[in-house]
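# Fold and geometry: a report
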Amino acid sequence: MSATSWGERRAAAAPGEFARTVRGFRNQLRVVHALILREMQTRFGRNQLGFLWLFLEPLMLAGALATLKWAMSIGDSIPGVSIFVFTLVSYLPYFTFRAIISRAPGTLRSNMTLLYHQQIKLLDVVLARHALEMAAVITVMALIVIGVWVWGDTPPWNIPILFTGLVLLFLLAHGLGLMAAAAAASSEIAERLIHPLIYLSLPLSGALISLHTLDPSIREVLLWNPQAHIHEMVREGFFGDRLPSYFHIGYVTFWVAVVNLLGLAALRAVRPRLEF
Amino acid sequence: MKLSPPTRPSEPLAASGLIPPAVGRSAAPPGRSRRFGARWWYALLVLLPTLLVAGYYSFYAADLYESEARFQVRNRGGGGANPMDIAGGRTGAMAGIFTNASRPATEESRAVAAWIDSHAAVTALRRELDLVEIWRRPEADQLSMLWWDEPQLEWLLWYFRRRVNISFDPETGVMTLRVLSFRPGDSQLLAQQVLRLSEELVNTFSARSIADTLRVAHDDLAKAERRVVAAREALIAFREREQAFDPQRSATGAVETIGRLEAQLTQSRAELQERRAFMRADNPQIQVLNNRIAALQQQIATERSRVTRGEERLTQQVAGYERLELERMLADRELASATASLESARSDALRQQVFIMRVADPQLPEWPRYPRATFNTFTVFVSLSVLFGIGWLLVVSAREHAS
C-alpha cells in the first residue's frame, strides 16, 4: 500500500506505532488478497475457467453496444475515429464505474458473515471487490488496445494518460462505492435510490458522447462532472489528436480525494451498526 | 438492513479490548494516545505547511501587478463574418466545425493565441525588451522571480507562460491578454509590446493572403496582355509583308470589278447585236462598240488574270489573315476576363484583410492582484486536510488488523 512510505517517516517518532502500522498494512494486504480469491470463487464458482467471465462480461456488453451503434451508425461520425472503437472505449470504463457502484450496497450484506472474523474489516471486503473489478477493466482495456492495434492498425495515442484515466476512474468509483455502501447500510431508501441515480447519471457522465461534438455551453456544464473528465482522458489516451478532448487532471484529483475521504468516513460512521 | 445476528461471538473479544473501538468513541488509554497522535500528526502535516504558505504570502512574497488587454481579430468584410462567428458559437459545435471556412477571423484569433504562447513570441519580445531584467527586478522574491540570469529559451518560455496568459472566448471572439510582473509599468509595457507584435503578425498574415490571392490574378493578366500584343504584332507584320490591308476585302473587290465589267461587256455586246441589224458594218458607231467590247474584254482578262494568277495566293492570304484575326479577337477577350478577375480578386483580398481591433488597451495597474494569498493558503489547507483525512483513515483501518 502506498501509505507505507509515509509510514516510514514516522518510524523515528514512534517506533512501536510504526511497527504496528506496518504489521497492520501487511495483514490487511493478506486479508484483501484472500478475500479477492474468495470473491472470485463465490462469483464464478469452482469452474476452472469461471474467472474468464470477469473479463468476458464487460467485453461482451461493451462489444454488443459498440456493434449496435456501429450497425445503426448512431452518433456523430468523427473522421478518423471508428464508432465501434469509440463506443468500446467509452462504454467499458462506464460499465466498470456502474458495476462498482451498483454492487456496492450488496457488498456489505452478502459478506456480513465474514465480519465475524476479527481480522476482516468492512473496508477489506469493499476493497477486495473493487480491486477485482479494476483488475478486470484494466485487463479488458489492454485486450481492446492490443486488438485495435493489431487488427485496426491504430496504436493508442498515449498509454500513460489512458492508464491514469482508468486509475482515477477506479478511485472515483471506489470512493462513491464506499459512500453507496455506507448509505445502503444506514437506510433502505438510500439503497433503492442508488440504482435509478446511476441510470440517471449516464447522460451527465459524458461517457457515450465526445464533448468535442457538443455545444460549448453544454460542454461547460458537463465538465462540472469529474466523470466526464475521466472519460475524456481515456479517449485522449486512445485517440489523441484525432479527437480533441477536454479534461483537467487537477479537478478530477480533487474530486477523487473528497469522495474518498467522505466514503472512508461514511463507512467508519456506519460501522457501529454492522460490526459486533 | 437487519444486521443483528442471534449470537455475538466477538463480544468477549471486544470486551477484553482485543478489537480496537472505533476512533472518537472510546476514552480508553490506547484510544486517547492515538487521538493525541492524530492531532500531532495533523499539526505537523497540515497546519505546519499551511502556516509556511501563509507566512510566505504575508511576509515574503512579492506583489505581482496584472495588466490586462482585450482585443478582437477581425476581418474587413467582418460585417458578414462576425455575426456568423457568434451564431456558430451558439448554435452548435458541429455546425462550427464545418463552417470554419466562412469564419476566418476565428482561425486567425487562434493563430494569434498560439503565437503568443510560443517561443517565437518570446524571441520577438526579447529583441524589444529585456524580459530577464523585467522578471528579475530587485523587489521580486526568490521563489516567484525568474530563477536564471541567462535562461535558455525553453526555461524562459516556461516562465513566460506562467506570467503571460492569453485566452480566447469563442462566443464573442474577444481575446484577453493578461501580463504579470513586479512593477506596474513593466506589466503595461509588456502587454503593449505583446499587442504590438501581435498586430505585426496579423499584418503579415493579411499581406501574405492578399499577395497569394492577387498573384494568380496578376499572372493571368500579364499572360493575357502578352498574348494581345503578340496577336496585334503578328497582324501588323502580315500586312507589311503581304502589302494588303485586308486581303479578304480586296479579293471581294476584284471579283466585284470583274462582275461589273462583265455586265458592261454583255450590255455592249447586246447593243452591238442590236445596231448590226440596221447599220452597216463600217458605221462608226459599230466601230466604237467594237472598240469598247475589245477594251472590256481586255480589261476583264487583265482583272481575271490578276485574280486567277494570284488565286491560290489570295486564298492563302485570306486564310492566314482570318487565323490572325481570330487570335486577336480571342486575346482581346482573354484580356477582358483577366482584368475582371483581377478586380474581383482585389475585392476578395480586401475582404481577407485581417486586423486587430483593440477593445481595451492595457491599463497601468494600481493595486497588485496577485499572488492571491488567502485563496492559495486556503486551497493548501483544504487539500492537505483532505489528504490527511484519507491517509489517517487508511492507517487507522490498517492498525486494526495488527491487534
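Sequence order sets the numbering: in each chain, residues are counted from 1 along the sequence as written. Chains and ligands are labelled sequentially in the order written, the chains with letters from A and the ligands with numbers from 1. Reporting in this predicted model follows two pLDDT cut-offs: at least 70 for local features of residues, and 80 or more for side-chain atom pairs to be given and counted; totals over whole chains, interfaces and linings ignore these cut-offs and use all residues. The side-chain figures draw on all heavy atoms in the structure; neither hydrogens nor water molecules are used.

## Considering the overall build of chain A
Just so we agree on the cut-off: Working definition: helices are DSSP H or I runs of at least four residues, strands are E runs of at least two. Numbering for both runs from the N terminus. The rule is simple: take the accessible area with a 1.4 Å probe, protein chains only, and divide by the maximum for that residue type; under 20% is buried, over 50% is exposed, in between is partly exposed. Residue exposure ignores everything except the shown protein chains as possible cover, and the areas themselves are Shrake-Rupley values with a 1.4 Å probe.
Counting its regular elements, chain A contains 10 helices and 0 strands. Its helices and strands taken in sequence order, chain A reads α-α-α-α-α-α-α-α-α-α from the N to the C terminus. Of all 276 residues assigned to chain A, the portion counted as buried reaches 50%. Split by element, the accessible area of chain A, about 12,900 Å² in all, is 69% carbon and sulfur.

## Points about the overall build of chain B
Along the backbone of chain B there are 13 helices and 4 strands. Taking all 403 residues of chain B together, 38% fall into the buried category. As presented, chain B carries roughly 23,600 Å² of accessible surface, and 57% of it is formed by carbon and sulfur atoms.

## Digging into the packing of helix H6 (residues 119-128) of chain B against helix H8 (residues 153-163) of chain B
Packed helix pairs are specified by the crossing angle of their axes together with the interaxial distance, meaning the distance between the axes. Residues and elements named next belong to chain B. Quick reminder of the rule: Whenever a helix is involved, its axis is fitted only over the stretch in contact; in every case the axis is a line through C-alpha atoms, and angles between N-to-C directions fall within 0 to 180 degrees. When an angle is under 35 degrees it counts as roughly parallel; over 145 it counts as roughly antiparallel; between 65 and 115 it counts as roughly perpendicular; any other value is oblique. For this analysis, residues touch if any pair of their heavy atoms sits within 4.5 Å. All residues other than Ala, Val, Leu, Ile, Met, Phe, Trp, Tyr, Cys, Pro, Asp, Glu, Lys and Arg, Gly among them, are scored as polar; the first ten of these are nonpolar and the last four charged.
Contact pair H6 / H8: the axes reach a minimum separation of 10 Å and the direction vectors enclose 100°. Relative to H8, H6 is oriented roughly perpendicular. The residues of H8 that touch H6, namely those facing His119, Val122, Thr123, Leu125 and Arg126, are Leu153, Leu156, Leu157 and Phe160. Here the contact of H6 with H8 is composed, by residue class, of 6 nonpolar, 2 polar and 1 charged.

## Section: the environment of Thr377(B)
Residue and element names in this part refer to chain B. Residue placement: Thr377 occurs in helix H13 (residues 373-402). Given the relative accessible area of 14%, Thr377 is considered buried. Separated by 326 residues in sequence, Thr377 and Leu51 have C-alpha atoms that sit 8.3 Å apart. Beyond its immediate stretch of four places on either side in the chain, Thr377 contacts Thr50, Val53, Ala54 and Tyr57.

## Here we look at the environment of Leu114(A)
Residues and elements named next belong to chain A. Turning to its location among the elements, Leu114 is positioned in the loop between helix H4 (83-110) and helix H5 (122-151). Distance from Leu114 to Val125, taken between C-alpha atoms, is 8.6 Å for residues 11 residues apart in sequence. Beyond its immediate sequence surroundings of up to four residues, Leu114 is in contact with Leu35, Arg38 and Ile120.

## Thoughts on the pairing of strand E1 (residues 65-75) of chain B
Residues and elements named next belong to chain B. For clarity, the cut-off: Think of it this way: DSSP has to see at least two bridges between two strands before they count as a pair.
The buried fraction of E1 amounts to 9 of the 11 residues, a majority that puts the element mostly inside the structure. Sheet topology note: the E1/strand E3 (residues 174-181) ladder contains 8 bridges and is antiparallel. Counterpart to Arg70 in the pairing with E3 is Thr176.

## Description of the side chain of Glu66(B)
All names here are of chain B. What counts, and what does not: Under the rule applied, a polar contact is a pair of N or O atoms within 3.5 Å (in protein, one hydrogen donor and one hydrogen acceptor; residues adjacent in sequence only if both atoms are side-chain atoms).
In this fold, Glu66 is placed in strand E1. Within the structure, the side chain of Glu66 is placed 2.9 Å from the side chain of Arg369, a separation counted as a polar contact. Those residues within four positions of Glu66 in sequence are excluded, and the remaining contacts are Arg178, Val179, Leu180, Ser187, Gln363, Pro365, Arg369 and Tyr370.

## What to know about the packing of H5(A) against helix H6 (residues 159-186) of chain A
All names here are of chain A. This is how the line gets drawn: The sense of a crossing depends on the near helix, which, turned anticlockwise from the far helix by less than a right angle, makes the crossing left-handed and, turned clockwise, makes it right-handed.
Interaxial distance between H5 and H6 falls to 10 Å at its minimum, and their mutual angle equals 150°. Taken together, the axes of H5 and H6 lie roughly antiparallel to each other. With respect to the hand of their crossing, H5 and H6 are arranged in right-handed fashion. Contacts between H5 and H6 involve Leu123, Val126, Leu127, His130, Ala131, Met134, Ile138, Met141 and Val145 from the former and Leu162, Phe163, Leu166, Val167, Phe170, Ala173, His174, Gly177 and Leu178 from the latter. Each residue belonging to the contact of H5 with H6 can be placed in one class, and the counts come to 15 nonpolar, 3 polar and no charged.

## Here's the deal with the pattern of salt bridges
Residue and element names in this part refer to chain A. This is how the line gets drawn: Each reported salt bridge corresponds to a side-chain nitrogen of Lys or Arg within 4 Å of a carboxyl oxygen of Asp or Glu.
Counted according to the given criterion, the structure contains 27 salt bridges over all chains. Its salt-bridge partner being Arg235, residue Glu232 comes within 2.9 Å of it at the nearest N-O pair. Taken together, the residues span about one helical turn, with Glu232 and Arg235 both in helix H9 (residues 226-239) at a distance of 3 residues. Using a relative accessible area of 2% as the deciding quantity, one classes Glu232 as buried. Judged by its relative accessible area of 2%, Arg235 falls in the buried class.

## Thoughts on a nonpolar patch on the surface
Residues and elements named next belong to chain A. We count it as follows: Candidates for patches are residues over 30% relative accessible area with no salt bridge; among them, like charges are joined within 9 Å and nonpolar side chains (Val, Leu, Ile, Met, Phe, Trp, Tyr) within 5 Å.
A grouping of Leu49, Phe51, Leu52, Trp53, Leu56 and Met60 is seen on the molecular surface, where their side chains present a nonpolar patch of about 570 Å² in accessible area. Relative to the assigned elements, Leu52 resides in helix H3 (residues 52-72). Given the relative accessible area of 34%, Leu52 is considered partly exposed.

## Description of the sheet that holds strand E4 (residues 354-360) of chain B
Residue and element names in this part refer to chain B. Judged by pairing direction, the sheet is antiparallel, and its 4 strands sit side by side in the order E2-E3-E1-E4 without closing on themselves. Bordering the open sheet on either side are strand E2 (164-169) and E4, each of which pairs with just one other strand. Each adjacent strand pair in this sheet contributes to an overall mean axis angle of 25°, direction not counted. With 6 bridges connecting them, E1 and E4 associate as antiparallel partners. Bridge pairing in E4 links Arg70 to Ala360. Its contacts with the sheet put H8 on E2 and E3, and the angle it makes with E2 is roughly 55°. Its contacts with the sheet place helix H9 (residues 184-242) against E1, E3 and E4, and it is angled at close to 155° to E4.

## Quick notes on the packing of aromatic side chains
All names here are of chain B. Note the cut-off: Between 30 and 60 degrees the pair is tilted, below 30 it is stacked and above 60 it is edge-to-face, where a pair is any two Phe, Tyr or Trp rings, Trp via its six-membered ring, whose centres lie within 6.5 Å.
Scanning the model with the defined rule gives 18 aromatic pairs over all chains in all. Ring geometry for Trp135 versus Tyr159: centroids 5.3 Å apart, planes at 65°, classification edge-to-face. Of the two residues, Trp135 is situated in the loop between helix H7 (131-134) and H8 and Tyr159 in helix H8; the sequence distance between them amounts to 24 residues. When its relative accessible area of 1% is taken as the criterion, Tyr159 is described as buried. Between Trp147 and Trp158, the aromatic rings sit 5.8 Å apart at their centres with planes inclined by 50°, giving tilted as the arrangement.

## A look at H5(A)
What counts is decided by this rule: Expected span of a helix, by definition, is 1.5 Å for each gap between consecutive residues, and there is one gap fewer than residues.
Taking 1.5 Å of rise per residue, the 30 residues of H5(A) would be expected to cover 44 Å, and the 44 Å separating its terminal C-alpha atoms lies within 8% of that figure. Just downstream of H5(A), Asp153(A) is the residue with a positive phi angle, here 55°.

## Side note on unusual backbone geometry
With an omega dihedral of -5°, the bond running from Tyr370(B) to Pro371(B) counts as a cis peptide bond. As for its placement among the helices and strands, Pro371(B) is situated in the loop between E4 and H13.

## A word on the confidence of the model for chain A
Fine structural detail should not be taken from predicted coordinates in areas where pLDDT scores are low. Residues and elements named next belong to chain A. Rules: A score between 0 and 100, pLDDT records how confident the predictor is in each residue.
For chain A, per-residue confidence averages 81 on the pLDDT scale, and residues scoring 70 or more make up 90% of the total. Within chain A, the lowest mean pLDDT, 45, falls on helix H1 (residues 3-9), and the highest, 89, falls on H6. A low-confidence stretch, residues 1-13 (pLDDT under 50), is modelled with 21 contacts involving residues beyond four sequence positions or located in other chains.

## Examining the pairing of E2(B)
All names here are of chain B. Because side chains alternate across E2, one face comprises the buried residues Val164, Ile166 and Phe168, and the other comprises Asn165, Ser167 and Asp169, none of which is buried. Strand direction decides the pairing type here: E2 and E3, joined by 6 bridges, are antiparallel. If you follow Asn165 over to E3, its bridge partner there is Arg178. Connecting E2 to the next strand, E3, in antiparallel fashion are 4 residues, including Gly173 with a positive phi near 75°.

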